[in-house]
Amino acid sequence: MSKKFQIGVKDLHCGLYDEGTNTYTDIEKIEGLKSTKLTINRGQEVFYSDDTASQVVNYLESVEVEFEVSNLSIEERAKLLGYATSKGALAVTANDKAPAVGIAFRSLKSDNQSYRYFAIHNITFKDPEDTLTTREDGIEETVLVITGIATPLNDAKQTVVIMADSDATDADATYLGSFLTEIPMELPTATMSVKAGK
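Residues numbered from 1 in each chain as written. Predicted model: local features only at pLDDT ≥ 70, side-chain atom pairs only at ≥ 80, totals over all residues. Heavy atoms only, no water.

## Some thoughts on the nonpolar core
Thinking step 1. In this structure, Leu-12, Phe-67, Val-69, Leu-80, Ile-103 and Phe-125 are the most contacted members of the largest nonpolar core, which totals 24 residues.
Thinking step 2. The set of elements that each furnish at least two residues to this core consists of β1 (10-18), β4 (52-69), α1 (74-81), β7 (101-108), β8 (115-126) and β9 (144-150).
Thinking step 3. Among residues more than four places away in sequence, those in contact with Ile-103 are Leu-12, His-13, Cys-14, Val-65, Phe-67, Phe-118, Ala-119, Ile-120, Ile-123, Phe-125 and Ile-183.
Thinking step 4. Among the nonpolar cores identified, the runner-up in size contains 16 residues, and Tyr-17, Tyr-24, Tyr-117 and Tyr-175 belong to it. (Core = buried A, V, L, I, M, F, W, Y, C linked by side-chain atoms within 4.5 Å. Buried < 20%, exposed > 50% of the residue type's maximum accessible area, 1.4 Å probe, protein only. Helix = DSSP H or I, 4+ residues; strand = E, 2+ residues; numbered from the N terminus. Contact = heavy atoms within 4.5 Å.)

## With respect to unusual backbone geometry
Thinking step 1. At Asp-26, a residue that is not glycine, the phi angle is positive and equals roughly 55°.
Thinking step 2. Relative to the helices and strands, Asp-26 resides in strand β2 (residues 23-29).

## Examining the pairing of β8
Thinking step 1. Counting buried residues along β8, 9 of its 12 residues qualify, which places the element largely inside the surrounding structure.
Thinking step 2. Here β7 folds back onto β8, and the loop between the two strands holds 6 residues, one of which, Asn-112, carries a positive phi near 65°.
Thinking step 3. Taken together, the 5 bridges between β8 and strand β10 (residues 161-165) define a ladder with antiparallel strand orientation. The residue of β10 that forms the bridge with Ala-119 is Ile-162.
Thinking step 4. By the bridge criterion, 4 bridges tie β8 to β9 in an arrangement that is antiparallel. Each residue of the ladder has a partner; that of Lys-126, found in β9, is Thr-147. (Pairing = 2+ DSSP bridges.)

## As for the side chain of Thr-159
Thinking step 1. Note on placement: Thr-159 falls in the loop between β9 and β10.
Thinking step 2. Ignoring sequence-local partners within four residues, the contact set of Thr-159 consists of His-121, Thr-151, Pro-152, Leu-153 and Met-185.

These results come straight from atomic positions and should not be treated as a statement about function.
Right, dumping it as structure tokens:
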């Protein structure tokens, strides 16, 4: 049987990460998701002794995150980038500090019924470019591209990314459902027992 591939992406939501309590707060959905990109960069060092390779060490260099949306509201932009707002207005100042943010979303597979779920943790985003053009004969859609770097959670496992498939033989519906309302920080436990649909 051929492997299923990803054909869509939706249900992006984000929350603010509190490193002190290792929890997320203020989780909300962001509408208008167009695309996402996740790049996990791993480094590798080879150590030699007695004129031969004796040990290979792999390590995490960086996790790069990018998502494209049709637009962000003033409140959403302020939340992701740490700006102050008041009555529908936003101010960018020299003292702004981008908060730590977690995101979760899911991607439809080619069978049109199963999903791969993603949770990416402790991201610091940078400002998007606002590119606007004059209106001519037709209407051209503009989009915002948000990029950031994810770093490990402040816990013993130092998790950065979690992925889960709904069509796995032991997939758990309760755990998968948490990707739509929360930002899962751990793998499912043995006590979860509701089998997921394909």
